[in-house]
Amino acid sequence: MHSPIQLLSIDFDGTLVSRNGGPALDMQCMELIRELQNAGAIWAINTGRSVDLLETGLVEFAFPIRPDFILTMERDVFRPGRNGEKWEPFGDWNERCARDHAELFSSTNSVLAEFVDFAAQKTNARLIYNTDGLEGLAAESEEEMERITEFIRQARAGHPKLDYQRNGVYLRFCHADYHKGAALAELARLIEVPREKIFAAGDHHNDISMLDGRFAAMPSCPANAISEVQDAVRNASGYIARNDHGAGVCEALLHFVNPKKLSGLKRPDSAGLPRL
Ligand SMILES: [Mg+2]
């Protein structure tokens with residue numbers, strides 16, 4: 001009997017990792033993911049972090065297990081590197097993604113300039129730039145972010161491909177066709193896992209694209225997820241956990257998986273793990 005879950009797409013900050021002062025990781029969640037990996041499931045971290053910041057996080061929080069794939073910046077798809085590099089682009093998705101973004105940002109230059117003026121004059125937000133130009137911003141508060149997103153929604157009216165990803169007080173401009181859900185769909189296509197076998201978990205605005213049921217038939221969120229995320233998960237007939245962060249992910253995984261069915265599948269190298 002195989003696990004019903006073949007692919008796990010899990011957000012990092014606020015979902016796997018708690019920063020509320022207690023332990024950052026839920027060890028039972030880590031053990032369960034390891035058991036699922038041993039039973040043949042693929043674990044992807046789907047995050048707004050860059051590759052480097054994610055690697056920093058994996059070390060900082062002393063993750064006992066490694067993801068099989070990473071989906072970064074809410075858009076890019078990486079697989080383990082073959083030439084000594086930790087990660088390498090999987091297929092040509094990242095290249096197409098970069099090209100589409102370059103074209104988008106050059107064609108929406110005037111809207112973005114208008115936005116920079118608005119942000120400088122009417123907000124205390126800190127604009128964030130990368131080597132290609134404006135990347136996004138950090139707002140002073142959630143209320144300020146509401147005003148900022150309202151401005152963007154109006155300013156982008158004539159530019160349907162100009163979108164943004166929001167995570168707490170952070171916002172990143174993006175092409176409307178690229179988000180966590182699209183990156184997950186591309187990974188699933190490349191490794192040939194159907195939507196029905198995909199589990200996803202996240203806690204904030206930027207996770208909704210992978211939790212609305214389009215790309216993952218088993219969406220979930222921990223109890224600390226914002227109400228918009230809980231609504232999306234509920235509408236997609238997913239699972240809203242009663243526990244926060246990693247404990248909530250663990251609870252959601254157990255909701256979709258019968259752990260007894262996994263125990264017979266363990267490879268010898270996992271024999272020392274506690275039974276769930
Ligand atoms: Mg998060």
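This is a predicted model, so every value here is computed, not measured.

> Got a sec to walk through the packing of helix α4 (residues 109-122) against helix α5 (residues 142-155)? Specific residues and values, please.
Where α4 contacts α5, the axes come no closer than 11 Å and their chain directions differ by 155°. The pairing of α4 with α5 is recorded here as roughly antiparallel in orientation. When you trace α4 past α5, the crossing you get is right-handed. Seen from α4, the contacting residues are Val111, Glu114, Phe115, Phe118 and Lys122; seen from α5, they are Arg147, Ile148, Phe151, Ile152 and Ala155. Of the residues assigned to the contact of α4 with α5, the class counts are 7 nonpolar, no polar and 3 charged.

> Residues and numbers for the sheet that holds strand β7 (residues 133-138), please.
Across the sheet, 4 strands lie side by side as β6-β7-β9-β8; this open sheet has antiparallel pairing. In the strand order of this sheet, the two ends are held by β6 (126-130) and β8 (162-167), each with one partner. Sheet twist, expressed as the average angle between the axes of neighbouring strands with direction ignored, equals 35°. Note: β8 against strand β9 (residues 170-175), 6 bridges, orientation antiparallel. The residue bridging Tyr164 from the neighbouring strand is Phe173, located in β9. Along the sheet, helix α3 (residues 93-107) makes contact with β8 and β9, crossing β9 at roughly 100°.

> Break down the side chain of Glu88 for me, citing the residues and quoting the values.
If you trace the backbone, Glu88 turns up in strand β5 (residues 87-89). Given a relative accessible area of 16%, Glu88 falls into the buried group. A polar atom in the side chain of Glu88 sits 2.8 Å from the side chain of Arg79. What Glu88 contacts, discounting residues up to four positions off in sequence, is Val77, Phe78, Arg79, Pro80, Gly81 and Arg82.

> Quick one: what's the story with the packing of aromatic side chains, residue by residue and with numbers?
Taken as a whole, this structure holds 10 aromatic pairs when the rule is applied. Ring plane angle 55° and centroid distance 6.2 Å describe the contact between Phe12 and Phe61, whose orientation is recorded as tilted. Of this pair, Phe12 sits in the loop between β1 (7-10) and α1 (27-38) while Phe61 is found in the loop between α2 (51-60) and β3 (69-72), placing the two residues 49 residues apart along the sequence. A relative accessible area of 0% means that Phe12 is categorised as buried. A relative accessible area of 12% means that Phe61 is categorised as buried. With a centroid separation of 6.4 Å and 40° between ring planes, the pair formed by Phe115 and Phe118 is classed as tilted. Residue Phe115 and its partner Phe118 are located together in helix α4, separated by 3 residues, close to a single helical turn.

> A description of the confidence of the model for the chain should follow, citing residues and the corresponding values.
Across the chain, the average pLDDT comes to 92, with 93% of residues at 70 or higher. The model gives residues 264-276 a pLDDT under 50, and that stretch makes 23 contacts with residues more than four places away or in other chains.

> Go over the coordination of the magnesium ion, please, and point to the residues and values.
Bound to the magnesium ion on the protein side are Asp11 (OD), Asp13 (O) and Asp203 (OD), at distances that span 2.1 to 2.2 Å. Note on Asp203: relative accessible area 8%, which makes it buried.

> A description of the sheet that holds strand β10 (residues 198-201) should follow, citing residues and the corresponding values.
Ordered by their spatial adjacency, 8 strands build an open sheet running β5-β4-β3-β2-β1-β10-β11-β12, and the pairing between neighbours is mixed. In this open sheet, the two strands that pair with only one neighbour each are β5 and β12 (239-240). Pairing geometry for β3 and strand β4 (residues 76-80), over 3 bridges, is antiparallel. When the bridges of β4 are listed, Leu71 appears paired with Val77. Contacts from α2 reach β2 (42-46), β3, β4 and β5, with the element oriented near 125° to β3.

> Lay out the pattern of salt bridges with the relevant residues and their values.
One pass over the structure, following the stated rule, counts 23 salt bridges. Of the charged contacts, one joins Asp212 and Arg214 as a salt bridge, the two residues approaching to 2.9 Å between their closest N and O atoms. By sharing partners, the salt bridges in this structure join Asp13, Arg19, Arg49 and Glu60 into a single network.

Rules used throughout
- Residues numbered from 1 in each chain as written.
- Predicted model: local features only at pLDDT ≥ 70, side-chain atom pairs only at ≥ 80, totals over all residues.
- Heavy atoms only, no water.
- Axes fitted to C-alpha atoms, helices over the stretch in contact; angles between N-to-C directions.
- Helix = DSSP H or I, 4+ residues; strand = E, 2+ residues; numbered from the N terminus.
- Parallel < 35°, antiparallel > 145°, perpendicular 65-115°, else oblique.
- Left-handed = near helix turned anticlockwise from the far one by under 90°.
- Contact = heavy atoms within 4.5 Å.
- Nonpolar A, V, L, I, M, F, W, Y, C, P; charged D, E, K, R; others polar.
- Pairing = 2+ DSSP bridges.
- Buried < 20%, exposed > 50% of the residue type's maximum accessible area, 1.4 Å probe, protein only.
- Polar contact = N/O pair within 3.5 Å; in protein donor to acceptor, adjacent residues only side chain to side chain.
- Phe/Tyr/Trp six-rings, centres within 6.5 Å; stacked < 30°, edge-to-face > 60°.
- pLDDT = per-residue confidence, 0-100.
- Donors = N, O, S within 2.8 Å, 3.2 Å for Na, K, Ca; no water.
- Salt bridge = Lys/Arg side-chain N within 4 Å of Asp/Glu carboxyl O.

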